[in-house]
Structures are given as structure tokens and as C-alpha cells.
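# A look at the structure
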Amino acid sequence: MHQIIIIGSGPAALTAGIYASRAGLEPLMFASSVEPGGELMNTTDVENFPGFPEGIQGPELMEKIQAQAERFGTQVRYEDVTELDLAGDVKRVTTSDGAVHEAKAVIFATGSAYRKLGIADEDRLSGHGVSWCATCDGFFFREKTIAVIGGGDSAMEEATFLTRFADKVYVIHRRDELKASKIMQQRAFDNEKIEFIWNSEVAAIQGEEEVTGLTLRDTVDGSERELPIEGLFIAIGNDPRTHLVHGKLNLTAEGTIAVDGRTSKTSLPGVFAAGDVIDPSYRQAVTASASGTVAALDAEHYLVSLEDN
Ligand code: NAP
């Protein structure tokens, strides 16, 4: 039986791996078979992770964090977890090949997925003008004209943040009323660089190598028009990846896994959660890493408490 199984392979999972392996717990990590490495694998330059003053490419950063985790004995397997049995003292993790792996503790760090518009070219131009993260990519849109899609707090926050760099920010919303809180709305309304385009959805994204414009469809009368832009930020919500633990762990109203205060302790003993899957607000690589640290330390204390009993 393993001491700890970690599910996930983003900054939270791998940092938990670094701490757990340095504690001699030889963690087994299930990175997914299709998209190991998490959201940073889709990012180009990462300029806000401490320790890299010249910046670093997202995939390279993940490679380095993984190498650090493996150096101390984290065993990474590129397999998908299909089922979890977490209620008892022995946690059972089933992978897609049908194998069942047992552990005394589980760290769940499956991250979250940005919602997509679901239109052609969204993925093709991702990293080439299409982004889901203003904090990560805003800097690259200095003096440009860009658009933010969405009407919630995220869209307002992103649009307001992006006016630090861009000359002009369109906020495109599918209705004529925002979902965002009044204070966030007002901040955006008061910003001279922000212009709202109401009752509109993105029908197409133009650009061969880089984004050059949008085709917008009026949601009331169906008419279409072109809008030249150089960057597109999609901020239509974010879904924590919790499908494996539905009905097993308590979730918050926001859909993240509920943890006890600032700890990583979930509603089941021996099960810890970290990173975006518990975080509806910050969603940064460095906050995810810190959260992974908390989970590894909590798991370590839990394992010691088992020995004491
Ligand atoms: P959200 O509140 O769910 O808002 C998503 C927005 O995107 C809505 O306006 C929605 O339109 C729109 N949308 C959804 N799917 C779409 C699609 N396919 N095409 C076009 N538009 C689409 O998500 P969020 O803004 O990410 O916020 C999530 C949570 O985090 C909220 O509780 C929010 O308050 C919180 N948050 C807080 C802060 C802050 O306080 N600083 C910052 C960010 C987020 P409809 O309005 O028509 O549904």
C-alpha cells in the first residue's frame, strides 16, 4: 500500500509531490494521459512565477517542477483515474486500465478548466491572441485593441486589469445586462478605455497566425458585423474538475471542493485537496503551488497521526 496518492499534475499536484517525496513518503502521482501538466501547458511566457526574472515558457516550468518532484522520489504515471473509493481508512484509486491502487492518504489536485466558447479557431489561436488569463497574458497586449467576452465578475476584473496595457478594451456580452456585482460593473463603466458591446456573441474568430478580428452576431436580431481586434480574452467562467468526487466529498456553493479553513482537509479524513479545485478566486500557478504544499504537510501530519493511534 502507498502512503500517498496524488491525483493531478499541475503546480499544486507537483508541489505536493516535492514536499511529500522529500518527507520520504514516496508519493504515487496520476497525471492524466491526455493533458498532463495542467493549465500551464497551454501558456507561453510565464513572467510572474518567482525565480524566473527573464520569464519561462509554461511547459518548461512544468517540466522543471516535475523534475524536482521526481528527484526526491515522486513516481509519475500518465494514467487517468476513473474511480475513487475514499470513505474508508484504505483509499482505493482505480485507473483506466482497471488497476486498483491503495493508499493511506489521497491528495486531490485536478485543477479547473476554463469554459470555452466552443467555436472554430478558438483552440487554434490559443496563445496567438486568444487567452483565458489576463494576469498571464495581458502584458503582451500593450497599446493594442482587444476584447473580453463575458458579463460576470471575471470579465469585469479582466477588462479593468487589461486597460493597464491595452489602448482599448471591448467587453462583449450576450445580454444587455451584466451578471457582475455592482461594484465591479461600476469600475468597468467608469473606465474610459472600456466600451461595452451588448447583446452580442462571437460567431467567428479571424486570423491566420494571430487574431485579427471577430465576427459578432447580434443575439436579438441575428445580424452580423466585423470587429477588428488584436487580442481576445474569454472570461465566461471556470469549472473545477470535481466529477470524480461528486457525492463523495462536500463541495462549496461555487462548486469547488470544500476544505476546512486554510487547510487542505476535505470532508473525509485522509483526503486532501489543493490548487484550482479548491480555489474559486486566485487560480495562479504560485497560489496552486502553495496550496499543494499545504496539502502535503496536512497529509504528512495525518499519516503521523495514524502511526500514533
Ligand atoms: P460567472 O459569474 O458564471 O459569469 C460568467 C459570464 O459569462 C456570465 O455573464 C455569462 O452570461 C457569460 N457566459 C457564460 N457562458 C457563455 C458563453 N458560452 N458565451 C458567452 N457568454 C457566456 O463566472 P465568473 O465571472 O468567472 O465568476 C465566477 C465566480 O467567481 C463568481 O462567483 C464571481 O463573483 C467570482 N469572482 C469574483 C471576483 C471578485 O470579486 N473580484 C472576480 C472574479 C470572479 P450570462 O450572464 O448571460 O449568464
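Everything discussed here concerns the structure shown above.
Presented here is a report on the structure given in the accompanying data block. Keep in mind that this is a model prediction, so the values were computed, not measured. (Residues numbered from 1 in each chain as written. Predicted model: local features only at pLDDT ≥ 70, side-chain atom pairs only at ≥ 80, totals over all residues. Heavy atoms only, no water.)

A separate point is the sheet that holds strand β13 (residues 194-197). Across the sheet, 5 strands lie side by side as β10-β17-β11-β12-β13; this open sheet has parallel pairing. Bordering the open sheet on either side are β10 (130-131) and β13, each of which pairs with just one other strand. In the sheet, strand β11 (residues 145-149) pairs with strand β12 (residues 168-172) via 5 bridges, with the strands oriented parallel. By the bridge assignment for β12, Ile-149 is matched with Ile-172. Of the strands in this sheet, β11, β12, β13 and β17 (231-234) touch helix α4 (residues 153-162), which is tilted by about 165 degrees from β11. (Pairing = 2+ DSSP bridges. Helix = DSSP H or I, 4+ residues; strand = E, 2+ residues; numbered from the N terminus. Contact = heavy atoms within 4.5 Å. Axes fitted to C-alpha atoms, helices over the stretch in contact; angles between N-to-C directions.)

Throughout the structure, instances matching the rule amount to 10 salt bridges. Among the ionic pairs, Arg-92 bridges to Glu-102, the shortest N-O distance being 3.0 Å. Of this pair, Arg-92 sits in strand β7 (residues 91-95) while Glu-102 is found in strand β8 (residues 100-108), placing the two residues 10 residues apart along the sequence. Overall, the relative accessible area of 30% leaves Glu-102 in the partly exposed class. When the shortest N-O distance is used, the salt bridge between Asp-239 and Arg-115 registers 2.9 Å. Of this pair, Asp-239 sits in strand β18 (residues 238-240) while Arg-115 sits in the loop between β9 (112-114) and β10, placing them 124 residues apart in sequence. (Salt bridge = Lys/Arg side-chain N within 4 Å of Asp/Glu carboxyl O. Buried < 20%, exposed > 50% of the residue type's maximum accessible area, 1.4 Å probe, protein only.)

Our focus in this paragraph is the nonpolar core. Formed by 32 residues in total, the largest nonpolar core has its most connected members in Ile-4, Ile-6, Leu-61, Ile-65, Ile-107 and Phe-272. Mapped onto this core, the elements with two or more residues apiece are β1 (2-7), α1 (11-22), β2 (28-31), α2 (58-71), β8 and α6 (285-308). With 7 residues, α6 is the largest single contributor of residues to this core. Once you skip the residues sitting within four places of it in the chain, Ile-65 turns out to touch Leu-14, Thr-15, Ile-18 and Phe-49. Membership of the second largest hydrophobic core comes to 20 residues, among which are Ile-7, Leu-28, Ala-103 and Leu-268. (Core = buried A, V, L, I, M, F, W, Y, C linked by side-chain atoms within 4.5 Å.)

On to the environment of Trp-132. Among the secondary structure elements, Trp-132 is positioned in the loop between β10 and α3 (134-137). The class for Trp-132 is buried, based on a relative accessible area of 12%. For Trp-132 and Ala-13, which are 119 residues apart along the polypeptide, the C-alpha to C-alpha distance reads 21 Å. Sequence-distant contacts of Trp-132, that is, excluding residues within four places in its chain, are made with Tyr-114, Arg-115, Lys-116, Glu-122, Ser-126, Glu-158 and Ile-234.

Once that is clear, we can look at the packing of α1 against α2. Contact geometry of α1 with α2 gives a least axis separation of 8 Å together with a crossing angle of 25 degrees. By the criterion of interaxial angle, the relationship of α1 to α2 is roughly parallel. Handedness of the α1/α2 crossing: left-handed. Within the contact between the two elements, α1 uses Pro-11, Leu-14, Thr-15, Gly-17, Ile-18 and Ser-21 and α2 uses Met-62, Ile-65, Gln-66, Gln-68 and Ala-69. (Parallel < 35°, antiparallel > 145°, perpendicular 65-115°, else oblique. Left-handed = near helix turned anticlockwise from the far one by under 90°.)

Right, let's talk about the packing of aromatic side chains for a bit. Using the criterion set out here, one finds 9 aromatic pairs in the structure. Where Phe-49 meets Phe-52, the ring centres are 6.3 Å apart and the plane angle is 50 degrees; that geometry is what we call tilted. Judged by its relative accessible area of 24%, Phe-52 falls in the partly exposed class. Between Phe-139 and Phe-140, the ring centres sit 6.2 Å apart and the planes meet at 80 degrees, which makes this aromatic pair edge-to-face. By way of ring pairs, the aromatic residues Phe-139, Phe-140, Phe-161 and Phe-165 are connected into one cluster. (Phe/Tyr/Trp six-rings, centres within 6.5 Å; stacked < 30°, edge-to-face > 60°.)

Let's shift gears to the packing of α4 against helix α5 (residues 182-189). Two numbers describe a pair of packed helices, the interaxial angle and the distance between the axes. Viewed as axis vectors pointing N to C, α4 and α5 meet at an angle of 30 degrees, and their least axial separation amounts to 9 Å. Here α4 and α5 pass one another in a crossing that is left-handed. Between α4 and α5, the contacting residues are Asp-153, Met-156, Glu-157 and Thr-160 on the first element and Met-184, Gln-185, Arg-187 and Ala-188 on the second. Here the contact of α4 with α5 is composed, by residue class, of 3 nonpolar, 2 polar and 3 charged. (Nonpolar A, V, L, I, M, F, W, Y, C, P; charged D, E, K, R; others polar.)

Taking 1.5 Å as the rise per residue, α1 with 12 residues should run 16 Å; its terminal C-alpha atoms sit 16 Å apart, in good agreement. Burial within α1 is extensive, with 10 of its 12 residues counted as buried. Along α1, the residues that are buried comprise Pro-11, Ala-12, Ala-13, Leu-14, Thr-15, Ala-16, Gly-17, Ile-18, Ala-20 and Ser-21. Those residues of α1 that are buried lie in contact with β1, β2, α2, β8 and α6. Downstream of α1 by one or two residues, Gly-24 has phi in the positive range, about 80 degrees. (Expected span 1.5 Å × (residues − 1).)

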